[in-house]
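Secondary and tertiary structure notes
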Amino acid sequence: MASDSDEYSIPFEDDIDYDEVEEMEEEMEDLTISDDDDFEEVDEEGNVNPINKNLYEEELEFETNSEPEPEEIKDEILTLNDVPSVIVKYISDIREIIEVPDGIIRILLQKFKWDKDPLLERFYEADDLYDFLRKQKIDPFTSSQWSGTEGECEICCETFLLTGPSCNHKACPTCWKFYISERIKEGNSEIECMASKCELLLPDEQVLEYFNDKSELDAYLGQVINSFVQFNAQMRWCPGVDCGRIVKSSSTDPHDVSCQCGTQFCFSCGNDGHSPVNCRHLKLWLKKCLDDSETANWINANTKDCPKCLVPIEKNGGCNYIRCRNPTCRHTFCWICMKDWAIHTLGHFRCNIFVSPEETAAAELARGQSRSFLQRYLFYFSRYQTHKHSLSLEKKLIEKMNKKIEEAQEYAMSWNDAQFLRDAVDSLSKSRRTMMYTYVFAFYLKRNNHAEIFETNQRDLEMATEQLSGYLEQDMDEEDPKTLKQKVQDKCRYIEHRRKVLMNHCSEGNEQEIWEFTQ
Ligand SMILES: [Zn+2]
Ligand SMILES: [Zn+2]
Ligand SMILES: [Zn+2]
Ligand SMILES: [Zn+2]
Ligand SMILES: [Zn+2]
Ligand SMILES: [Zn+2]
């Protein structure tokens, strides 16, 4: 494996245009807010709107008082071909300290989820190398050390040269071959001794001895790579359909990752990139959206069961005279007291006489609460859905942009000049995605002063996002290209900046534990 993969190198590092990066960094530093009107509302008397003033102060605070920025997270996108060389690097780091064949180190690393420190800790704790390997249930013998003795194979009952690992469980080569091949077919990348209940793991060198053909070897290597990515906390498969790329990150913390296939996902939970919402709230939210419990709440808020046949009845108008819709029932009753309507027609009857007032009050309160919970949920859900829907329309916008860019080229506007449109669509969708998840964040957020700042940031980003969206969808054909370009680029810069402010506020809030959540 090692000799095969030494020739692999990790691309992309070479592909980075460092001049461009430097330019971008300079641009970020130069970034100032160009459009003050979007930022502060000034009333007729020239007073700055206090909420926005607050926001401005908050922002200054970030720029002057904040701690030095934490080290930036570096994500690297790898292809399947890049992985063997990454594995080799892990192995060679350990080989400098623990001198055993690579196949043993590979199994060791796998046991420690590719985390070198605890592995080495255990190694130093052990009496010696053999003690360490025995404790880790790994056979220290490689193929050359499997001693053979003539005898009857316990499995096939034929007399043969029997071999086996250090646990002294022996079998003939044909039986070993068959056994290993079966274990690979089952999808294993770690194969233990053949004897039942013996957990001793065989080094890769030993497993390789018994391969039947190349397809088996490929299957085994595939499983080795898969388990490497799966168990390594710094690696994750891209969840994009048919992508097959792998993200290697410098941080195991939850953060959004963009793959080259266009998929954006959370490094921690694998769902769509969902900053600023944390993984737990996202999970709750998605479940909530799926669950019928909301429908149940709605029914509770708007329906009552017929007192006779128990079929749920929806109240449409203000009238409290209800006739059951169940054709076999047709019971008539009062919505307020749930009693037979017939007794209401008696002149002296008062509706609430027969029901304990506390009971009614409690029932009404419960209904009222469930109604307001529902209204709250629907408030955030509809906004979440709106941005989600707009995000899905982005494909159309890209098509429109491409057409526009083609046209621009016809009129001698160079591709470089038109690139700003692509960048703008990119900014727009990034911002929409953020907006979408801010409503999930807000749904679980308890109101306090910090929440108010968050809402101001949210409103500000939302306004700018809709403005940019308007420029790209409506103003495209009206404005002259030069004005449009200026307008769009200014707005994009503004949006990027506001998005960053919002995200920083959220993540700093997490660190300082200023957020209070309802769940
Ligand atoms: Zn046999
Ligand atoms: Zn054994
Ligand atoms: Zn991908
Ligand atoms: Zn997540
Ligand atoms: Zn009924
Ligand atoms: Zn009544």
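The shown structure was predicted, so the numbers you read here are calculated from the model rather than taken from an experiment.

With that settled, consider the overall build of the protein chain. Per the secondary structure count, the protein chain includes 17 helices and eleven strands. Considering the protein chain as a whole, with its 519 residues, one finds that 39% of them fall into the buried category. Across the protein chain, every contact between residues at least 6 apart in sequence was considered, and the portion connecting residues at least 24 apart equals 58%. As presented, the protein chain carries roughly 30400 Å² of accessible surface, and 49% of it is formed by carbon and sulfur atoms.

What follows concerns the nonpolar core. If you look at the biggest cluster of nonpolar residues, it comprises 50 residues, and the most contacted ones within it are Leu119, Trp176 and Phe228. Elements supplying a minimum of two residues to this core: α4 (83-95), α5 (102-111), α6 (116-125), α7 (129-135), α8 (173-185) and α10 (214-231). The biggest single contributor to this core is α4, with six residues. Look past the residues within four positions of Leu119 in its chain and what remains in contact with it is Ile94, Ile98, Leu108, Leu109, Phe112 and Phe132. In this structure, Leu282, Tyr444, Leu472 and Val488 belong to the second largest nonpolar core, which totals 43 residues.

Here we take up the sheet that holds strand β5 (residues 246-249). The three strands lie next to each other as β1-β5-β4, forming an open sheet whose pairing is antiparallel. Of all strands in the sheet, those with a lone pairing partner are β1 (75-78) and β4 (235-237), marking the two edges. On average, each strand axis in the sheet is inclined to that of its neighbour by 25°, with strand direction left out of account. Strand direction decides the pairing type here: β4 and β5, joined by three bridges, are antiparallel. What sits directly across from Met235, in β5, is Lys248.

Moving on, we come to the coordination of the zinc ion (ligand 2). At this site the zinc ion (ligand 2) is bound by Cys167 (SG), His169 (ND1), Cys193 (SG) and Cys198 (SG), with donor distances of 2.0 to 2.3 Å. Along the chain, the residues donating to the zinc ion (ligand 2) are arranged with the sequence spacing C-x1-H-x23-C-x4-C. Classification of Cys193 by relative accessible area gives buried; the value is 2%.

Around the zinc ion (ligand 4), the protein supplies Cys266 (SG), Cys269 (SG), His274 (NE2) and Cys279 (SG) as donor atoms, at distances of 2.1 to 2.3 Å. Around the zinc ion (ligand 4) sit four donor atoms, and with donor-metal-donor angles ranging over 103 to 117° the site reads as tetrahedral. Counting residues between consecutive donors of the zinc ion (ligand 4) along the chain gives the motif C-x2-C-x4-H-x4-C.

Attention shifts here to unusual backbone geometry. Residue Pro276 follows Ser275 across a cis peptide bond; omega there is 5°. Within the fold, Pro276 resides in the loop between β7 (264-266) and α11 (279-290). Its identity is not glycine, yet Trp114 carries a phi of approximately 60°, on the positive side. Here Trp114 lies in the loop between α5 and α6. Positive phi, normally seen in glycine, also occurs at Lys137, with a value near 60°.

The sites that carry the UniProt feature "domain: CCHC-type" (unreviewed entry) are, in the present numbering, residues 266-280. Secondary structure across residues 266-280 divides into 13% helix and 7% strand, with the first and last C-alpha atoms of the span separated by 12 Å.

Take the packing of aromatic side chains next. Tallying each qualifying case throughout the model produces 22 aromatic pairs. In textbook terms, an aromatic cluster arises when at least three aromatic residues are bridged by ring pairs, as seen for Trp285, Tyr377, Tyr380, Phe381, Tyr384, Tyr437, Tyr439, Phe443 and Tyr444. Lying across the ring of Tyr377, Lys288 places its NZ or CZ 5.0 Å from the centre. The side chain of Lys487 reaches across the aromatic face of Tyr471, ending 4.4 Å from its centre.

Compared with an ideal rise of 1.5 Å per residue, which puts 25 residues at 36 Å, helix α16 (residues 449-473) spans 36 Å between its outermost C-alpha atoms and is within 8% of the ideal. Capping the start of α16, Asn448 holds a side-chain oxygen 3.0 Å from the backbone nitrogen of His450, two or three residues further along.

Right, let's talk about the environment of Ser227 for a bit. Of note, Ser227 is situated in helix α10. When its relative accessible area of 6% is taken as the criterion, Ser227 is described as buried. The spatial distance from the C-alpha of Ser227 to the C-alpha of Glu190 is 9.4 Å, given a sequence separation of 37 residues. With sequence-adjacent residues up to four places away left out, Ser227 is seen in contact with Arg106, Gln110, Trp114, Ser189, Glu190 and Asn232.

In this structure, strand β2 (residues 149-152) lies alongside strand β3 (residues 159-162), joined through four bridges in antiparallel fashion. Among the inter-strand pairings, Thr149 is bridged to a residue of β3, identified as Leu162. Linking two consecutive strands that pair antiparallel, namely β2 and β3, is a turn of six residues; a positive phi of about 65° is found at Cys157 within it.

Before going further, it helps to examine α8. With 13 residues, α8 extends 18 Å between its outermost C-alpha atoms, agreeing within 8% with the 18 Å of an ideal straight helix rising 1.5 Å per residue. All of the buried residues in α8 are Cys175, Trp176, Tyr179, Ile180, Ser181, Arg183 and Ile184. Tucked inside the fold, the buried residues of α8 contact α9 (204-209) and α10. Directly after α8, the chain includes Gly187, whose backbone phi takes a positive value near 95°.

On average, the protein chain scores 79 in pLDDT, and the residues at 70 or more come to 74%. Throughout residues 1-22 the model reports pLDDT below 50, and contacts reaching past four residues in sequence, or to other chains, amount to 25 contacts. Scored below 50 in pLDDT, residues 24-68 makes 48 contacts in the model with residues more than four places away or belonging to other chains.

Here we come to the pattern of salt bridges. In total, this model carries 18 salt bridges according to the counting rule given. Across the pair Arg95 and Asp102 runs a salt bridge whose closest N-O atoms are separated by 2.9 Å. Between Arg447 and Glu455 there is a salt bridge, with the nearest N and O atoms lying 3.1 Å from each other. When its relative accessible area of 23% is taken as the criterion, Glu455 is described as partly exposed. Overlapping salt bridges bring together Lys89, Asp93 and Lys116 as one network.

Relative to the elements of secondary structure, Gln458 occurs in helix α16. With residues near it in sequence (within four places) discarded, Gln458 still touches Met435, Thr438, Tyr439, Ala442 and Leu502.

The rules behind the values
- Residues numbered from 1 in each chain as written.
- Chains lettered and ligands numbered in written order.
- Predicted model: local features only at pLDDT ≥ 70, side-chain atom pairs only at ≥ 80, totals over all residues.
- Heavy atoms only, no water.
- Helix = DSSP H or I, 4+ residues; strand = E, 2+ residues; numbered from the N terminus.
- Buried < 20%, exposed > 50% of the residue type's maximum accessible area, 1.4 Å probe, protein only.
- Contact = heavy atoms within 4.5 Å.
- Areas by Shrake-Rupley, 256 points an atom, 1.4 Å probe, with all protein chains shown as cover.
- Core = buried A, V, L, I, M, F, W, Y, C linked by side-chain atoms within 4.5 Å.
- Pairing = 2+ DSSP bridges.
- Axes fitted to C-alpha atoms, helices over the stretch in contact; angles between N-to-C directions.
- Donors = N, O, S within 2.8 Å, 3.2 Å for Na, K, Ca; no water.
- Tetrahedral: all angles 85-135°; square planar, octahedral: opposite > 155°, others 65-115°.
- UniProt positions renumbered as here; feature names shortened; annotations may be inferred.
- Phe/Tyr/Trp six-rings, centres within 6.5 Å; stacked < 30°, edge-to-face > 60°.
- Lys NZ or Arg CZ within 6 Å of the ring centre and 35° of its normal.
- Expected span 1.5 Å × (residues − 1).
- Polar contact = N/O pair within 3.5 Å; in protein donor to acceptor, adjacent residues only side chain to side chain.
- pLDDT = per-residue confidence, 0-100.
- Salt bridge = Lys/Arg side-chain N within 4 Å of Asp/Glu carboxyl O.

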